[in-house]
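Listed below, chain by chain, are the residues.
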Amino acid sequence: MNAVHDFIATLISDPGMRERVLHVFSALPEDVQEAFMGDPGFVIGIYDTGRWGGSRLLIPCPQPAQGSRLVALERSLTARSRAFAHYVIAHELAHALLWNRGRHPGEDPEVAADSLAAAWGFARPATLPLLGAAPGRNRLF
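Since the model is a prediction, treat every value here as computed from it, not as a measurement.

Here we come to the packing of helix 1 (residues 2-11) against helix 2 (residues 15-27). In helix packing, the relevant descriptors are the interaxial angle and the interaxial distance, both defined with respect to the helix axes. As a packed pair, helix 1 and helix 2 sit with axes 10 Å apart at the nearest point and diverge in direction by 140°. The angle between helix 1 and helix 2 falls in the class oblique. Helix 2 is crossed by helix 1, and the crossing has right-handed handedness. Across from Val4, His5, Phe7, Ile8 and Ala9 in helix 1, the residues of helix 2 making contact are Arg18, Val21, Leu22, Phe25 and Ser26. Per-class residue counts for the contact of helix 1 with helix 2 are seven nonpolar, two polar and one charged.

With that settled, consider helix 5 (residues 109-119). For helix 5, every residue scored as buried is listed here: Ala112, Ala113, Asp114, Leu116 and Ala117. Taken together, the buried residues of helix 5 touch helix 4 (82-97). Between a side-chain oxygen at the N-terminus of helix 5 and the backbone nitrogen of Glu110 the separation is 2.6 Å; the capping residue is Asp108. With its phi angle positive at about 100°, Gly121 sits one or two positions after the end of helix 5.

Our next topic: the side chain of His86. The topology assignment puts His86 in helix 4. In contact with His86, other than residues within four places in its own chain, are Arg20, His23, Val24 and Phe122.

A word on the packing of aromatic side chains. Within this structure, the stated rule accounts for four aromatic pairs. Both rings, one in Phe7 and one in Phe25, keep their centres 5.7 Å apart while their planes meet at 40°; by these two values the pair is tilted. Placement of the pair is Phe7 in helix 1 and Phe25 in helix 2, with a sequence separation of 18 residues. Residue Phe7 shares its accessibility class with Phe25, and that shared class is buried. With 6.1 Å between their ring centres and 40° between their planes, Phe25 and Phe36 make a pair best called tilted.

Here is what the cut-offs are and how they apply
- Residues numbered from 1 in each chain as written.
- Predicted model: local features only at pLDDT ≥ 70, side-chain atom pairs only at ≥ 80, totals over all residues.
- Heavy atoms only, no water.
- Axes fitted to C-alpha atoms, helices over the stretch in contact; angles between N-to-C directions.
- Helix = DSSP H or I, 4+ residues; strand = E, 2+ residues; numbered from the N terminus.
- Parallel < 35°, antiparallel > 145°, perpendicular 65-115°, else oblique.
- Left-handed = near helix turned anticlockwise from the far one by under 90°.
- Contact = heavy atoms within 4.5 Å.
- Nonpolar A, V, L, I, M, F, W, Y, C, P; charged D, E, K, R; others polar.
- Buried < 20%, exposed > 50% of the residue type's maximum accessible area, 1.4 Å probe, protein only.
- Polar contact = N/O pair within 3.5 Å; in protein donor to acceptor, adjacent residues only side chain to side chain.
- Phe/Tyr/Trp six-rings, centres within 6.5 Å; stacked < 30°, edge-to-face > 60°.

That is the geometry; function is a separate question.
Here it is in structure tokens:
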């Protein structure tokens with residue numbers, strides 16, 4: 001468990017986000033944890049949605065020859081319910097594990113990520129919060 005904690009600590013400096021990611025990452029099967037920890041192209045980036053709709057994502061540059069798997073998480077997840085934040089983190093980790101594909105040809109990547117997140121114990125909440133909703137604009141995250 002200490003190796004997992006140290007690994008996540010190298011990726012995420014924000015204590016609140018680190019705690020939430022660590023909770024989810026620790027629940028992953030050991031072979032999945034090892035796949036991420038052994039992949040030099042695996043990165044978790046934390047971003048803030050800008051006041052004017054823009055965003056800023058700070059991540060180390062992956063080694064181009066090896067490819068990369070980027071999980072981008074919005075900092076506002078630290079202010080969301082734990083269940084919702086854990087689901088989003090697990091869903092995004094599932095995308096990274098699956099290289100943004102389905103588990104088999106023809107499977108929708110979103111369905112695959114939701115299914116895998118649920119198998120890890122982080123099912124999609126029955127109702128997702130609507131944030132920043134203004135007339136004519138709905139956002140899930």
